Amino acid sequence: MFDPGFLWGAATSSYQIEGAVAEDGRGPSIWDTFAATPGAIQGGDTGAVAADHYHRFPGDVALMAGLGLRGYRFSLAWPRIQPTGSGAVNQRGLDFYRRLTDTLLDQGIQPWPTLYHWDLPQPLEDRGGWPARDTAERFAEYAALVHEALGDRVTHWTTLNEPWCSAFLGYATGRHAPGRRDPAAAVRAAHHLLLGHGLAAEAIRGDDSHVGITLNLTHVTPVGTEPADLDAARRIDGMQNRLFLDPLLRGAYPDDVLADLREVTGFGHVHDGDLKRIGASLDHLGVNYYAPMLVAGSSTPTQSAYVGSPLVRVADGGRPRTAMGWEIDERGLLELLLRLKDDYPAVPLYITENGAAFDDVVEHDGVHDAHRVAYLDGHLRSCAQAIGHGVPLKGYFVWSLLDNFEWSFGYGPRFGIVHVDYATQHRTPKDSARWYAEVIRRGGL
Ligand code: FCB
């Protein structure tokens, strides 16, 4: 069961909710540029206004307090703090996050900041982006500046959100900013993201500062026992999970994944000493889980985010799906948590994202999102079972507090436990918000 100190929270990210993209000296990010590219985002949506959280944060924090949240995971927009990605601090940008953390603390809500949730300052992309080693150094410099400003009020830091997405959706498939399609660049980006994490951790770790990273992990199973299916599962597990977990928790890249990736690129970009830094960097690990993956071998090559694994296809597990088309299976979360416990050195774990988009209907008396309640209930049951099996799970953040800009899908998918009417910016807590508030009040299900 959940102990009394379990951190019950909700999560958001800067570009998805803040809006105010040209205010108080914020510079452009790769997502501003990408969103302005015709055809990149469904409906031509952009994050220019989003949920207008930049202006409405006091009301949003009051909403969180009303739900009884104990923690709030948000991200800082690097281009608000360093508009060009390096050099002096933009004080007005930093002050926004100072006010936000103070408001949270006043309400007894633990601020849980993520330093990077995909909004790279555009000038850094112009100089090579994550495929360039210099970006890792710049990230550590930025991390140190933020830590200096907020280190007296923040104890738990997350460096990166989902480096797999930054690297492979951003630089291999081009479905995310910056929209590049260069598999070798994506592999370099993955390493430099991990290096940036390691360097940032060195810069900010200390007695009162605990450092983590958030990974999007999944539970991968093969459709059958054919060698091609087993190999597909090994490769996808390698790319999605072990490529990140192994260097972070064991200090080395997995040999089989390196061999797969050598078909795409060499590893001259990995310097002596990098893995030592990456491998000594974690006080806790953030896990984002949405869906399991069922995979099969394929005889026709496909161009996918799984660089180095062309002969793989994602199969249909036959389960109900969310509005994103993601299969619903809370069992995958339990399997994943047990696997982390069995295969890796113990480190405190937090679910930093879990949730679902459904086609919500606004009725005269609210939003009755029973599907979302069922999804969250099932996944929290898996969390409770994992704890019962000795998994050191310390907290859970529902994705998301608010409906928001869902990247290349625009504003269509709604993940919030609070509905946002984008025309009026009116917030309406859905049934799931009330249900979650009750879970928190009781300390469990
Ligand atoms: C994760 C992202 C988050 C949100 C959810 C649905 O991959 O970290 O920003 O888009 O998916």
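Residues numbered from 1 in each chain as written. Predicted model: local features only at pLDDT ≥ 70, side-chain atom pairs only at ≥ 80, totals over all residues. Heavy atoms only, no water.

Student: Would you take a moment to explain the overall build of the protein chain for this structure?
Tutor: From N to C terminus, the protein chain includes 15 helices and 15 strands. Here the C-alpha radius of gyration of the protein chain, 20 Å, is about what a compact globule of 445 residues would show, namely 22 Å. Along the first, second and third principal axes, the C-alpha atoms of the protein chain reach 55 × 50 × 45 Å. In the protein chain, which comprises 445 residues, the share counted as buried stands at 60%. At a minimum sequence separation of 6, the contacts of the protein chain that also span at least 24 residues come to 76%. Accessible surface for the protein chain amounts to roughly 16000 Å². Of this, 52% is attributable to carbon and sulfur atoms. (Helix = DSSP H or I, 4+ residues; strand = E, 2+ residues; numbered from the N terminus. Rg over C-alpha atoms; globule rule 2.2 N^0.38 Å. Buried < 20%, exposed > 50% of the residue type's maximum accessible area, 1.4 Å probe, protein only. Contact = heavy atoms within 4.5 Å. Areas by Shrake-Rupley, 256 points an atom, 1.4 Å probe, with all protein chains shown as cover.)

Student: How do you make sense of the environment of alanine 356 when you look at a structure like this?
Tutor: Relative to the helices and strands, alanine 356 resides in the loop between strand 10 (349-353) and strand 11 (362-363). Here alanine 356 falls in the buried class, since its relative accessible area comes to 1%. Taking C-alpha positions, alanine 356 is 28 Å from alanine 186, a pair spaced 170 residues apart along the chain. When residues no more than four places from it in sequence are discounted, the contact partners of alanine 356 are Thr322, Arg372, Tyr375, Trp399, Arg414 and Phe415.

Student: Would you take a moment to explain the packing of aromatic side chains for this structure?
Tutor: A complete count under the given rule lists 33 aromatic pairs for this structure. With 6.4 Å between their ring centres and 80 degrees between their planes, tryptophan 31 and phenylalanine 405 make a pair best called edge-to-face. Separated by 374 residues along the polypeptide, tryptophan 31 in helix 2 (residues 30-35) and phenylalanine 405 in the loop between strand 13 (393-399) and strand 14 (418-421) bring together distant segments of the chain. Residue tryptophan 31 is classed as buried on the basis of its relative accessible area of 0%. Among the residues examined, phenylalanine 405 registers a relative accessible area of 0% and is labelled buried. (Phe/Tyr/Trp six-rings, centres within 6.5 Å; stacked < 30°, edge-to-face > 60°.)

Student: Help me out: how do you make sense of the pairing of strand 5 (residues 210-216) in this one?
Tutor: Two faces make up the sheet, and in a regular strand the side chains alternate between them. Within strand 5, six of the seven residues are buried, which leaves it mostly tucked inside the rest of the structure. As paired elements, strand 4 (residues 156-161) and strand 5 share four bridges and run parallel to each other. By the bridge assignment, asparagine 161 is partnered in strand 5 with threonine 214. Judged from the five bridges that link them, strand 5 and strand 7 (residues 284-288) form a sheet pairing that is parallel. Pairing of threonine 214 across the sheet is with glycine 286, part of strand 7. (Pairing = 2+ DSSP bridges.)

Student: Explain the site of the ligand here, please?
Tutor: All residues in the neighbourhood of the ligand are listed as Gln16, His117, Trp118, Asn161, Glu162, Tyr290, Glu353, Trp399, Glu406, Trp407 and Phe415. At 2.8 Å, a side-chain N or O of histidine 117 approaches an oxygen atom of the ligand. Measuring from an oxygen atom of the ligand, one finds a side-chain N or O atom of glutamate 406 at 2.7 Å. A total of 290 Å² of accessible area belongs to the ligand in isolation, and the protein chains cover 95% of it. Taken together, the residues of the shell around the ligand sort by class into five nonpolar, three polar and three charged. (Near = heavy atom within 4 Å. Polar contact = N/O pair within 3.5 Å; in protein donor to acceptor, adjacent residues only side chain to side chain. Nonpolar A, V, L, I, M, F, W, Y, C, P; charged D, E, K, R; others polar.)

Structural measurements only, silent on function.
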